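Secondary and tertiary structure notes
Chain residues, written in single-letter form:
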Amino acid sequence: MKPIRKAVIPAAGFGTRFLPFTKAVPKEMLPIVDTPTIEYIVREALESGIEEILIIINSEKECIKTHFSHNLILEKFLESKNKTLELETIRELPKKIHVEFAYQEEQLGLGHAVLCAESFIKGEPFALLLGDDLYVGKDIPATQQLIEAYNETGASILGTLEVPREDVSKYGICKPCTNEMGTLVRLESVVEKPKIEEAPSRLAIGGRYILTPAIFDFLKTQTKGAGGEIQLTDSILRLMSKESIYALSIQGRRYDIGSKKGFLEATIDFSLSRKDLSEVMKEILNQH
Ligand code: G1P
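So, a few notes on the structure that sits alongside this text. All of these numbers come straight from a predicted model, not from anything done at the bench.

**Side note on the site of the ligand**
Lining the immediate environment of the ligand, one finds 13 residues, of which D133, G172, E192, K193 and I205 sit closest. Within the side chain of E192, an N or O atom sits 2.7 Å from an oxygen atom of the ligand. About the coverage of the ligand: the protein hides 78% of its 380 Å² of free accessible area. Looking at the shell around the ligand, the element that brings in the most residues is strand β11 (residues 203–211), giving three residues. Residues belonging to the shell around the ligand are distributed by class as follows: five nonpolar, four polar and four charged.

**Observations regarding helix α9 (residues 232–239)**
Each turn of an α-helix holds 3.6 residues, which means side chains three or four residues apart point in the same direction. Every buried residue belonging to α9 is among L232, T233, S235, I236 and L239, and all of these are buried. Taken around the axis of α9, the buried residues stretch over an arc of 160°, which confines them to a single face.

**Structural notes on the nonpolar core**
Nonpolar side chains in soluble globular proteins tend to end up buried together. Core analysis: the largest hydrophobic core is formed by 50 residues, its most contacted members being I53, I55, I64 and F68. A117, F126, L130 and L203 belong to the second largest nonpolar core, which has 32 residues in total.

**Brief notes about the side chain of T37**
Along the chain, the position of T37 falls in helix α1 (residues 37–47). The exposure class assigned to T37 is buried, which follows from its relative accessible area of 1%. When sequence neighbours within four positions are dropped, the list of residues in contact with T37 reads K27, E28, L30, I32, G131 and I257.

**Some details on the pairing of strand β1 (residues 6–10)**
Burial analysis of β1 places five of its five residues in the buried class, which makes it a mostly covered element. Here β1 pairs with strand β4 (residues 52–57) via five bridges, running parallel. Paired with K6 across the bridge in β4 is E52. As paired elements, β1 and strand β6 (residues 126–129) share three bridges and run parallel to each other. Looking at the pairing, K6 lines up with F126 of β6.

**Points about the pattern of salt bridges**
According to the stated counting rule, one finds 27 salt bridges in the structure shown. Between E28 and K61 there is a salt bridge, with its nearest N and O atoms 3.0 Å apart. Of this pair, E28 sits in the loop between β1 and β2 (31–32) while K61 is found in the loop between β4 and α2 (62–67), placing the two residues 33 residues apart along the sequence. Take E28: its relative accessible area is 6%, and that puts it in the buried class. Between D139 and K138 there is a salt bridge whose closest N-O contact spans 3.9 Å.

**Regarding the environment of K27**
Within the secondary structure, K27 is located in the loop between β1 and β2. Along the primary structure K27 and S48 are separated by 21 residues, whereas in three dimensions their C-alpha atoms are 24 Å apart. With residues near it in sequence (within four places) discarded, K27 still touches G15, T22, T37 and D132. Among the polar contacts listed, one links the side chain of K27 to the side chain of D132, at a separation of 3.1 Å.

**What to know about unusual backbone geometry**
Residue P20 is bonded to the preceding L19 through a cis peptide linkage, with omega at 5°. Of note, N82 is a non-glycine position whose phi angle comes to about 55°, a positive value. Given a relative accessible area of 65%, N82 falls into the exposed group.

**Examining the packing of helix α3 (residues 72–80) against helix α4 (residues 84–96)**
Put simply, α3 and α4 touch, their axes get as near as 9 Å, and they point 155° apart. Taken together, the axes of α3 and α4 are roughly antiparallel relative to one another. Between α3 and α4 the crossing geometry is left-handed. For the pair α3 and α4, the contacting residues are L74, E75, L78 and E79 in the first and E86, L87, I90 and R91 in the second. Taken together, the residues of the contact of α3 with α4 break down into four nonpolar, no polar and four charged.

**Topic: the packing of aromatic side chains**
Taken as a whole, this structure holds four aromatic pairs when the rule is applied. Measuring from centroid to centroid gives 5.1 Å for Y40 and F270, while their planes differ by 85°, and the two rings are edge-to-face. With Y40 in helix α1 and F270 in helix α10 (residues 260–272), this pair connects stretches of sequence that are 230 residues apart. F270 matches Y40 in its accessibility class, with the two residues each being buried. Pairing Y255 with F270 gives two aromatic rings, centres 5.7 Å apart and planes at 75°, and the pair type is edge-to-face.

Analysis parameters
- Residues numbered from 1 in each chain as written.
- Predicted model: local features only at pLDDT ≥ 70, side-chain atom pairs only at ≥ 80, totals over all residues.
- Heavy atoms only, no water.
- Near = heavy atom within 4 Å.
- Polar contact = N/O pair within 3.5 Å; in protein donor to acceptor, adjacent residues only side chain to side chain.
- Areas by Shrake-Rupley, 256 points an atom, 1.4 Å probe, with all protein chains shown as cover.
- Helix = DSSP H or I, 4+ residues; strand = E, 2+ residues; numbered from the N terminus.
- Nonpolar A, V, L, I, M, F, W, Y, C, P; charged D, E, K, R; others polar.
- Buried < 20%, exposed > 50% of the residue type's maximum accessible area, 1.4 Å probe, protein only.
- Arc of directions from axis to C-beta.
- Core = buried A, V, L, I, M, F, W, Y, C linked by side-chain atoms within 4.5 Å.
- Contact = heavy atoms within 4.5 Å.
- Pairing = 2+ DSSP bridges.
- Salt bridge = Lys/Arg side-chain N within 4 Å of Asp/Glu carboxyl O.
- Axes fitted to C-alpha atoms, helices over the stretch in contact; angles between N-to-C directions.
- Parallel < 35°, antiparallel > 145°, perpendicular 65-115°, else oblique.
- Left-handed = near helix turned anticlockwise from the far one by under 90°.
- Phe/Tyr/Trp six-rings, centres within 6.5 Å; stacked < 30°, edge-to-face > 60°.

The following block contains the structure:
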């Protein structure tokens, strides 16, 4: 069984839920306090033991690339001013991990975005992290939880969470095999954004996956599904006819950064958990 060493982060979407901000700045650059959302996602991958990362962008989103590169002019400036803390803040991540980029110029759907990673993946199983879903894992990072389940099963794993029935049509929804119970369950099927009355459960895919490379065989021939897009979930369903696929319920707190509520919640919670800002945030909240 090959180990999970690589991760893919799709970041080429328009981010229409966050207009007008996303007209000029990618939603992945939305800051949670002082750090872009996508940096938290990259750090989660890194802390989960991932060695190589590919971010899928488009040519309007070059600033994501800039964020993960060395900025020698800024580094020299900070050095000359003896701003060692700030210098370490911007130097540390590019030193720890090399991030690669691929381009998806047409927004044909998540399945199409993942297909753009095929030549980077080179036949290995890999982790997929969606940038809208930010996790604070309980004890261990969300992606590491999935990797541990993969090490146990050798199969593709979908990270899940339970959502209220009225929200099922916003997610990919899983149907576990009969009699499967607990945090890790084998799946019988998945369906992308079902109508409430057609949803097989409330077990939603929460933006974290481990996928075997066989997924690419199905993505290549995937026709359009929900919303007229090439859906990853539809290829996962087809992969299920060939390989077992499991759902793991992720232990931890999830923030849906693509929604304004999730973004605001993350801003408050991340401030409260920081030594330098918790008192300030408490003071602000008490004033309201
Ligand atoms: C995507 C996936 C969906 C998943 C969701 C999680 O949908 O297609 O299966 O449940 O992410 O955030 P999107 O939110 O991009 O429409």
